[in-house]
Amino acid sequence: MEEETTLQQLRSKATELLLREDWNESIKVYSKFISLCQQLLSNTIQQSDLLKLQKSLCLSFSNRAEARFRLRDFEEALKDCDEALQIDNTHFKTLVCKGKILLNLNRYSLALDCFKGVLGLESQQCNGNLEMLNGFIEKCKKLDYLSRTGNFDVSDWISGGFSGVCPELGEFVGNVEIKRSEISGRGLFSTKNIDVGSLILVTKAVATERCILPKCSNGVLGENAQLVMWKNFIDKVNESASKCPKIRHLISKLSIGENEDDLEVPDISLFKPETEGVNFPTEDLDVDKILSVLDVNSLVEEAVSSKVLGKNSDYYGIGLWLLPCLINHSCSPNARRLHIGDYVVVLASRVVKAGEEITFAYYDVLSPFSKRKEMAKTWGFQCECKRCKYEEEMQSKPEIGEIEKGIERGVDVGCAIFRLEECMRRWVMRGKEKGYFRASFWKAFSEAYESEKTVRRWGRKIPALEPIVDSLVEAVGGDERVLKVLVRKLKKSGNGFAEMERAIKLGRGVYGKIVKKQALRILLELGVHE
Ligand SMILES: C[S@@+](CC[C@H](N)C(=O)[O-])C[C@H]1O[C@@H](n2cnc3c(N)ncnc32)[C@H](O)[C@@H]1O
C-alpha cells in the first residue's frame, strides 16, 4: 500500500533525525507521521493492523515528547506523553520521559509517582535500568522534601571547595503572601515569624544569561558584550514565555514600573510549582511588554554571592525569577538573595516578624542617602522606604552633609565617626535610626576598624566594632562586608567564644543556615582573604 510505504519512510527518517539529535526536524517528521497514522487508524478495521498502527503511534508520540523535552518545550512534551500513555499506560520510555518532564517542572511528587509506577512494571526494560530509576526516585524524594520544608544544606559543596556541579535545589515558597505594599504597588509579606538565615523562597529562573565581561581600558565593562548579553537574555525569556502559558501569564502580571497601585494582587498559589497543571489563560504578550517587564524586574546575579559561591569575579549574570519580582527594595532590608546555579535563594538576613514586608536591596545600602537616591533614579523610582524618609528629614541638619563631604575629601575617618556619634547623641536618636546613619557612613567605620593606627589614636572616643556590627544588623541585616571586618578583627585578636558566636550569627544572616560549622568557617575565611 502506498500509505504504508510513506509511513515506513517517515518513521525511518524521524528515527534517524532523533538519533542525530536534530530535535526540531525530528518533531516535524514525527508530526507528519502521527497525522498520517491517525488518518489510517480511523479507516482500519482489521484488528492486527489496528494494533500495529497503535503501537507505532504510541512510539512516535513518545519520541516526539523526548525531542520536545530536549528543546525544553515541557508543556507540549507532556501532552505527547499523555497521548502515548492513553494508548499504552505501561509504555516504559514514555513514563520515564514524563517523569523527567515533571521533575523539570518542579512537580516532584507527581514525578515520583511516575518513576515509582515504572518500577512497578517489573518488565525487562525496567530491570535493565534499575540504577537509573532508583537515581531518579532518590532525586524526586530529596527535592520534594526540600520544596516542602525549605531545609537544604550546601555545606558539603562549600567544604569541597565548590567543586563539581552545584547542589540541586527544589523550588520552595515559605510562609509568605502577596499584599498591597506601603512602599509601592504589591509586595511580599511574611505570614509567620522567620528567624535569621531561614529560607523564605527558592525559585528557578525563567531564563538567565551569563558571561565574563571584558574590561575596557577605562575600566568600564565591555558595552558591546553587555548588549549582546541583553539581547540573548531577551530571546531566552521570549522563548520560555512562548512555550509555557504559566510563565506567560505570570509575566503579564508583573510591573512595568508605572501605576503600580492599580495593579491586581495575584494569589501566591499561582507562583507555586503545583499550579503547573492549571489551565492558564493564553494571553498575548508582545515583545514591548516583555522588554518593559525585564527592565523593571530582571536581577543581576549579586556580585558577592556569585564570587563567594565559586564563580569568577569578572563574571556577570542576569536573570528573571518570577516570585522575587514581587519583592520591593528597601534601604533597611530584612532579606538577601544568593544565587546557586539557576536558582535564587531568598533568606532572612535578620529576624522577620509575622506581617512584615519582605524586602531586599536592589543596590548598595551601605552608602549615604545622596548616593542611594542616585542609584534609585537609575532603577527608575524614588525610594519610599522608612530609612530614606527618615534620612531625607535629617538632611536639614547641616552636620550630615559636612560629615559626608569630609569623608569624600579624605578626612581622618576616626574624626568623622567621632563627629557623627556625637551628633547622634545630641539629637537623641533611637537605636535603629543610629543604625541607619552608621550604615550610611559604613565606609568610614570600615576604614577606621581596618586601620590599627586609627583604632589606637581614637581609642574609646569611637565605639568598638562589636556594638556597631549589632546596630548595623538591626538596621540593614547581615552583610558580607561587615562580616569580613568582624572576622578579620577576630583573627587578629584571637577568637573569644562570644565574638565567634557573633560572627556565626552574622554569617547565618549572610549565607543562610549553613549546617556544618566547618563549611561556615571556610566561607568566613574566604571573605577575609578576598
Ligand atoms: C520588582 S518590582 C517590585 C514589585 C512591585 N512593587 C509590584 O507591584 O510589582 C520593582 C518596582 O517596584 C517599585 N519599587 C520597589 N521598591 C521600591 C521602593 N523602595 N520605593 C519605591 N518604589 C519601589 C518600583 O516601581 C520598581 O520599579
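What you are looking at is a predicted structure, and each value in this text was computed from that prediction instead of being measured. (Residues numbered from 1 in each chain as written. Predicted model: local features only at pLDDT ≥ 70, side-chain atom pairs only at ≥ 80, totals over all residues. Heavy atoms only, no water.)

1. Here we look at the sheet that holds strand E9 (residues 335–340)
If you walk across this open sheet you meet the four strands as E1-E4-E10-E9, and the pairing is antiparallel. Both edges of this open sheet fall to strand E1 (172–173) and E9, since each of them pairs with a single strand only. (Pairing = 2+ DSSP bridges. Helix = DSSP H or I, 4+ residues; strand = E, 2+ residues; numbered from the N terminus.)

2. Comments concerning a positive patch on the surface
Taken together, the side chains of Lys-505, Arg-508, Lys-517 and Arg-521 define a basic patch exposed on the protein surface. Elements with a minimum of two residues in the positive patch: helix H23 (497–511) and helix H24 (517–529). With relative accessibility at 41%, the residue Arg-521 sits in the partly exposed group. (Patch = residues over 30% accessible without salt bridge, like charges linked within 9 Å, V, L, I, M, F, W, Y side chains within 5 Å. Areas by Shrake-Rupley, 256 points an atom, 1.4 Å probe, with all protein chains shown as cover. Salt bridge = Lys/Arg side-chain N within 4 Å of Asp/Glu carboxyl O. Lys, Arg positive; Asp, Glu negative; His and termini not counted. Charge placed at Lys NZ, Arg CZ, Asp CG, Glu CD. Buried < 20%, exposed > 50% of the residue type's maximum accessible area, 1.4 Å probe, protein only.)

3. Description of the nonpolar core
Counting residues in each nonpolar core, the largest one holds 66 residues, and the members touching the most others are Val-345, Phe-437, Phe-441 and Phe-445. In this structure, Phe-441 is in contact with Ile-400, Ile-403, Glu-404, Ile-407 and Leu-420, ignoring residues within four places of it in sequence. Core analysis: the next-biggest nonpolar cluster, separate from the first, contains 44 residues, Leu-250, Leu-294, Leu-320 and Trp-321 among them. (Core = buried A, V, L, I, M, F, W, Y, C linked by side-chain atoms within 4.5 Å. Contact = heavy atoms within 4.5 Å.)

4. Remarks on the confidence of the model for the chain
Summarising the model, the chain shows a mean pLDDT of 88, and 91% of its residues fall at 70 or more. This stretch, residues 303–310, has a pLDDT under 50; its non-local contacts, to residues over four places away or in other chains, come to 20 contacts. (pLDDT = per-residue confidence, 0-100.)

5. Topic: the side chain of Glu-421
Looking at the element boundaries, Glu-421 is found in helix H17 (residues 413–426). Residue Glu-421 is classed as buried on the basis of its relative accessible area, which comes to 8%. Dropping the residues within four chain positions of it, Glu-421 is found in contact with Arg-438, Phe-445, Pro-463 and Ile-468.

6. Here we look at the pattern of salt bridges
One pass over the structure, following the stated rule, counts 36 salt bridges. For the salt bridge of Lys-443 with Glu-447, the shortest nitrogen-to-oxygen distance reads 3.6 Å. In this pair, Lys-443 and Glu-447 both sit in helix H19 (residues 442–450), four residues apart, roughly one turn of the helix. For Lys-443, a relative accessible area of 49% corresponds to the partly exposed category. Relative accessible area serves as the criterion here: at 40%, Glu-447 is assigned to the partly exposed category. Connected through salt bridges with shared partners, the residues Arg-336, Asp-364, Asp-479, Glu-480 and Arg-481 form a single ionic network.

7. Thoughts on helix H3 (residues 47–70)
Between its first and last C-alpha atoms H3 spans 35 Å; for 24 residues at 1.5 Å apiece the expected length is 34 Å, and the two agree. Looking at the residues trailing H3, positive phi occurs at Arg-72, about 60°. (Expected span 1.5 Å × (residues − 1).)

8. Things to note about the pairing of E9
Most of E9 is tucked away, with six of its six residues classed as buried. Neither face of E9 is left uncovered, since the one carrying Ala-335, Arg-337 and His-339 and the one carrying Arg-336, Leu-338 and Ile-340 both have all their residues buried. Across six bridges, the pairing between E9 and strand E10 (residues 343–348) is antiparallel. What sits directly across from Ile-340, in E10, is Tyr-343. Between the end of E9 and the start of E10, which pair antiparallel, lie two residues, with Gly-341 showing a positive phi angle near 60°.

9. With respect to the site of the ligand
Taken together, 18 residues lie near the ligand, and Ser-184, Arg-186, Glu-260, Asn-328 and His-329 sit nearest. One of the backbone N or O atoms of His-329 is found 2.8 Å from a nitrogen atom in the ligand. Between Glu-384 and the ligand, the recorded distance is 3.0 Å, taken from a backbone N or O atom to a nitrogen atom. Protein chains shield 96% of the accessible area of the ligand, which is 570 Å² for the free molecule. Elements with a contribution of two residues or more to the shell around the ligand: helix H12 (287–297) and strand E8 (328–329). In terms of residue class, the shell around the ligand is made up of eight nonpolar, seven polar and three charged. (Near = heavy atom within 4 Å. Polar contact = N/O pair within 3.5 Å; in protein donor to acceptor, adjacent residues only side chain to side chain. Nonpolar A, V, L, I, M, F, W, Y, C, P; charged D, E, K, R; others polar.)

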